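Coordinate analysis (summary)
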Amino acid sequence: MSLTKSTATPPREGEEDISDLYPEDRGWVTECLSRLRDQRLQPKKTRLIEFPLPAALDGMKLFVKNESAQPSGSHKHRLAHALFTNALASGCLRDGTPVFEASSGSTAISEAWYSNELGIKFNAVMPSGTSEEKQQAVRDLKGNVILATAGEDLVTVARRQAEQSNGHFMDQFTYAERAYDWRSEHGLAPELCREVEPDWFVMGAGTGGTVTSVGRYARYTNRKLRVCATDPENSAFLPGWRDHDRTATDKGSRIEGIGRPRMEPSFLFPLVNRMIRVHDAASVATMRVAAQYLGIEPGPSTGTGLFGAVQILLGMQANRQRGTIATVLCDAGSRYTAEYYNDDWLDKKGIDYRAWMEPVERFFKSGEWQPPVNFSPAPRPSATLWNM
Ligand SMILES: Cc1ncc(COP(=O)(O)O)c(C=O)c1O
């Protein structure tokens, strides 16, 4: 059957039928979708690195899925693939429709990568302070960078720009959870669960799409796997989840890619079993210490996830449990040389990671945990945990 010729019967009087309006575009859509299904454009299977743990943590295992090896450098490669597939199949894109996205970095780079492959004009709306390297990475993939002025909400700017240009606002914060095909055998969760059977999946949330897809897969396949979302300082996710309040707000995070000033639609409460607040300084120290064990310098959000994994390991140790924890190496430190790997930048931001280096180093060497003297742990959630 030709896809460019409509086989619909003409509408009768009083009926509306638009089947013949865009027959050419249907051909273009089908072609893009078939390219996205092709092996070359599918997200890659990534390596699971076993993080060496000290003898004192006998019976416990920690695995890190290296998503920085995806062709566009982060786990957002999987999201970008899902968002384009969803937008094309949902009739949101026609040949020539420009795409807009609000992103602080990784998603913009991954969507630019797919746009470049599919010949779609891509526009990333990024915060005014976005590093030159990240802007350049989008431009290298033929994407256009629009910098929002300080204080402007990225989502509002991206939506407005898309409307003004007859474009499509991809809106990762809304569509991440529904675009991911969490039943498929190709997602992060099924790939991970084929390799190991984790008791916990730990990761920070930006859209919340990744933790959500793992939580859904765990239920769908009746796994014991629990999901822990690690949240940086000043993010609304933890108070919102704790108080079951979707109107929660906060100042917004300093750890790039995770933690948000408001609850995002893709962060679904019932799919998160536990949340852990992680000090920004602890995220940065863990990121730096982990580099020695992983053989790859990770980005700061990986440090936040790994710090959460340390807290879960400590809980297991205290309860004489054994178990397996998995987290994600979201992206590589090479994206952050001017920021989280630069002491001057960290000092300007007031992130004093130094006090956390020794405790984290000692834990990975010996399994002993002694947090910095002035450290006060974040309060535990008062509400009952969801759906354990
Ligand atoms: C570097 C980095 N880490 C972690 C995340 C969180 O991923 P998700 O959006 O699936 O919650 C993001 C999201 O943009 C990110 O850019």
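From a predicted model like this one, the values you see are computed outputs, not experimental measurements.

Right, let's talk about the overall build of the chain for a bit. Each helix and strand in the chain was counted, giving 13 helices and 10 strands. For the chain, whose C-alpha radius of gyration is 22 Å, the value lies close to the compact-globule estimate of 21 Å for 388 residues. Viewed in the frame of its principal axes, the chain has a C-alpha envelope of about 75 × 45 × 40 Å. Burial analysis of the chain (388 residues in total) assigns 45% to the buried set. Considering only intrachain contacts with a sequence separation of at least 6, the fraction spanning at least 24 residues in the chain is 69%.

If you check the shell around the ligand, you find 20 residues, and the closest are Ser106, Gly206, Thr210, Gly257 and Ser301. Every element with two or more residues in the shell around the ligand is listed here: helix H3 (106-118) and helix H8 (209-220). Residues belonging to the shell around the ligand are distributed by class as follows: four nonpolar, 13 polar and three charged.

Take the nonpolar core next. Soluble globular proteins: nonpolar side chains tend toward being buried together. Counting residues in hydrophobic clusters, the biggest one holds 95 residues, and the most contacted among them are Leu83 and Ala229. Two domains share this core, each providing at least three of its residues, namely domain 1 (48-70 + 183-366) and domain 2 (76-177). Once residues lying within four places of it in the same chain are set aside, the contact partners of Leu83 are Glu111, Met170, Gln172, Tyr175 and Ala179.

Positive phi outside glycine occurs at Lys142, with the angle close to 65°. Structurally, the position occupied by Lys142 is in the loop between helix H4 (132-140) and strand S5 (144-147). If you check the backbone angles, Arg320 has positive phi at about 50° while not being a glycine. Within the secondary structure, Arg320 sits in the loop between helix H11 (300-318) and strand S10 (323-329). Of the residues examined, Arg320 has 7 C-beta atoms within 10 Å and is grouped as exposed.

A few words on the sheet that holds strand S4 (residues 122-126). Taken together, the four strands give an open sheet; going across it, the order is S5-S4-S3-S6, and neighbouring strands pair in parallel fashion. Of all strands in the sheet, those bounded by a partner on one side alone are S5 and strand S6 (168-169). Where strand S3 (residues 99-102) lies against S4, four bridges are found, and the strand directions are parallel. Among the inter-strand pairings, Phe100 is bridged to a residue of S4, identified as Asn123. Lying on the sheet, helix H5 (residues 154-164) is in contact with S3, S4, S5 and S6; it crosses S3 at an angle near 170°.

Bringing the packing of helix H7 (residues 188-195) against H8 into the picture now. Between H7 and H8, the least distance of the axes is 8 Å, while the angle of their chain directions is 55°. The orientation of H7 relative to H8 falls into the category oblique. Crossing handedness for the pair H7 and H8: right-handed. Contacts between H7 and H8 involve Leu188, Ala189 and Pro190 from the first element and Thr210, Ser213, Val214 and Tyr217 from the second. The residue makeup of the contact of H7 with H8, split by class, is five nonpolar, two polar and no charged.

Turning our attention to the pairing of S5. Consecutive side chains along a regular strand alternate between the two faces of the sheet. In terms of strand pairing, S4 meets S5 through four bridges, oriented parallel. Looking at the pairing, Asn123 lines up with Asn144 of S5. With respect to chirality, the unit in which S4 leads through H4 into the neighbouring parallel S5 is right-handed.

Analysis parameters
Residues numbered from 1 in each chain as written. Predicted model: local features only at pLDDT ≥ 70, side-chain atom pairs only at ≥ 80, totals over all residues. Helix = DSSP H or I, 4+ residues; strand = E, 2+ residues; numbered from the N terminus. Rg over C-alpha atoms; globule rule 2.2 N^0.38 Å. Buried ≥ 20, exposed ≤ 12 C-beta atoms within 10 Å, placed from the backbone. Contact = placed C-beta atoms within 7 Å. Near = placed C-beta within 6 Å. Nonpolar A, V, L, I, M, F, W, Y, C, P; charged D, E, K, R; others polar. Core = buried A, V, L, I, M, F, W, Y, C linked by C-beta atoms within 7 Å. Domains from an automatic or database assignment. Pairing = 2+ DSSP bridges. Axes fitted to C-alpha atoms, helices over the stretch in contact; angles between N-to-C directions. Parallel < 35°, antiparallel > 145°, perpendicular 65-115°, else oblique. Left-handed = near helix turned anticlockwise from the far one by under 90°. Right-handed = clockwise from strand over helix to strand, strands pointing away.

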